[in-house]
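Structural overview for review
Residues per chain are reported as follows:
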Amino acid sequence: MNPLILKKGREKSLRRRHPWIFSGAVEKANGKAGETLEVRDASGKVLGSAAYSPKSQIRARVWSFDPAEAVDAGFFRNRVQKALALREGLAAAKHTNALRLINGESDGLPGLVVDRYADVLVAQFLAAGVEHWRDAILDSLTELSGCEAIFERSDAEVRKLEGLEPRVGFARGNRNATRCPIVEHGLNYRVDVEQGQKTGFFLDQRENRQRIRALAAGREVLDGFSYTGGFAISALAGGAKRITAVESSAPALEVAKETLAANPLDASKVDFVQADVFAHLRKLRDGAAHFDLIILDPPKFAPTAAQVKNAARAYKDINLWALKLLAPGGLLATFSCSGAVPPDLFQSIVAGAALDAGGEVKIIERFGAAADHPVAIEFPEGEYLKGLLLLKAG
Ligand code: SAH
């Protein structure tokens, strides 16, 4: 194995079992993209093995902190098996056939995301290491999951940072996967694995959708950034009076309508609006509309730390207008999936919006990602989704 030698004192994060080695910590490294290197501190002590990524600022991602553990096909089979076993033990496994099976670093497989939608797997290879071991990983996934079809969605922006070209298509098997039928908490959803966002569905919001369902009875609901209508349809199933779902993507709304039709629910209560949420909130306000339950689940406004300032402005804007649209006694479920915006910052942005909106607002619950998105305790970067349930005083 070629060595990766760290600068003096730069082994500290590895001792805390953090899996990323940044370029600035590397004294010397040689190898091809994806090659397994032996990680040594400045004194020559071996700390483990890592996948080399010469183009990325995250220059290497640790496979193992055990210098004796070989990185071969068997290694990947073990890690995949462990990740699958964790999911089998989750409560969610009993009420859904759609789960995140592999959550990157937090499952010991840096850069790999695998979601299961019924009998189709969707895989994203997002770093040089997992790209190098792609075949071994795909073989293990087919063998251990029992799913014959694996659709690859390696088209995320982050691949560019690794110097990798996008790749989209069936990696194993072949079938139509533009409308995978899945079940979640007794509701039917259609998932466009081939062209939908990310891997097709936001599995991380599963338990929060269920929470919205429990809160929706008798309420006038606004679902902002609704994508394929996950929150809107959950609210309808929970007995909402009416629902307005606002989303800019026409294909997402098509899937939302098909999902709605796939459930024994009164579709006439849902109004899907193709619009920009920022503009539409203002329009609703001009029309003196009021809602009893508003959900705001925007895209990642801050993909990196450099965008946090603009993101803060955007979060404040939508939360301000949503709070203005909320009737007294109304609820606002507001989310952020920007990893670069930590929970305390998000809360203070929303507090600023509440101050400007006027009136008394209290946090009554907090939201996070579902349990099939575990966060390895040494890898806080894995925790990106946060949400607040706010109550506007009556
Ligand atoms: N709540 C959804 C996920 C939302 S993802 C669920 O649980 O499934 C964010 C969505 O916001 C995407 O569908 C994206 O198309 C949409 N979007 C992004 N910017 C928008 C804007 N300015 N106005 C309306 N929708 C927008």
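Scroll up for the structure.
Residues numbered from 1 in each chain as written. Predicted model: local features only at pLDDT ≥ 70, side-chain atom pairs only at ≥ 80, totals over all residues. Heavy atoms only, no water.

1. Quick notes on the packing of helix α9 (residues 277-286) against helix α10 (residues 308-325)
Orientation of α9 relative to α10, taken along the N-to-C sense of each, is 25 degrees, at an axis distance of 10 Å. Between α9 and α10, the angle falls in the class roughly parallel. Considering how the two elements wind past one another, α9 and α10 form a crossing that is left-handed. From α9, V277, F278, L281, R282, L284 and R285 reach across to α10, where they touch A314, D317, I318, W321, A322, K324 and L325. (Axes fitted to C-alpha atoms, helices over the stretch in contact; angles between N-to-C directions. Helix = DSSP H or I, 4+ residues; strand = E, 2+ residues; numbered from the N terminus. Parallel < 35°, antiparallel > 145°, perpendicular 65-115°, else oblique. Left-handed = near helix turned anticlockwise from the far one by under 90°. Contact = heavy atoms within 4.5 Å.)

2. Quick notes on a positive patch on the surface
Residues K7, R10, K12 and R16 make up a contiguous surface patch of positive charge. Position of K12 among the secondary structure elements: in helix α1 (residues 12-15). Classification of K12 as exposed rests on a relative accessible area of 55%. (Patch = residues over 30% accessible without salt bridge, like charges linked within 9 Å, V, L, I, M, F, W, Y side chains within 5 Å. Areas by Shrake-Rupley, 256 points an atom, 1.4 Å probe, with all protein chains shown as cover. Salt bridge = Lys/Arg side-chain N within 4 Å of Asp/Glu carboxyl O. Lys, Arg positive; Asp, Glu negative; His and termini not counted. Charge placed at Lys NZ, Arg CZ, Asp CG, Glu CD. Buried < 20%, exposed > 50% of the residue type's maximum accessible area, 1.4 Å probe, protein only.)

3. What about the pairing of strand β10 (residues 149-154)?
Remark: a regular strand shows side chains that alternate across the two faces of the sheet. Extensive coverage of β10 is indicated by the burial of six of its six residues. In β10, alternate side chains face the same way, and those of A149, F151 and R153 on one face and I150, E152 and S154 on the other are all buried. Pairing between β10 and strand β11 (residues 167-172): five bridges, direction antiparallel. By the bridge assignment for β11, S154 is matched with R167. (Pairing = 2+ DSSP bridges.)

4. Digging into the pairing of strand β8 (residues 112-117)
Counting buried residues along β8, five of its six residues qualify, which places the element largely inside the surrounding structure. In this structure, strand β7 (residues 98-103) lies alongside β8, joined through five bridges in antiparallel fashion. Across the sheet, N103 pairs through a bridge with V113, a residue of β8. Sheet topology places β8 next to strand β9 (residues 120-125); six bridges connect them, and they run antiparallel. Bridged to D115 within β9 is V122. The turn linking β8 back onto β9 is made up of two residues, and A118 within it adopts a positive phi angle of 55 degrees.

5. Details of the sheet that holds strand β17 (residues 291-296)
Strand order in this open sheet of seven strands is β16-β15-β14-β17-β18-β20-β19, and the pairing throughout is mixed. The sheet terminates laterally at β16 (270-274) and β19 (361-367), the two strands that pair on one side only. Along the sheet, successive strands turn relative to each other by an average axial angle of 15 degrees, direction set aside. Across five bridges, β17 lies against strand β18 (residues 326-336) in parallel orientation. By the bridge assignment, L296 is partnered in β18 with T334. The strands touched by helix α11 (residues 343-357) within the sheet are β18, β19 and β20 (386-392), with β20 carrying the most contacts at an inclination of about 25 degrees.

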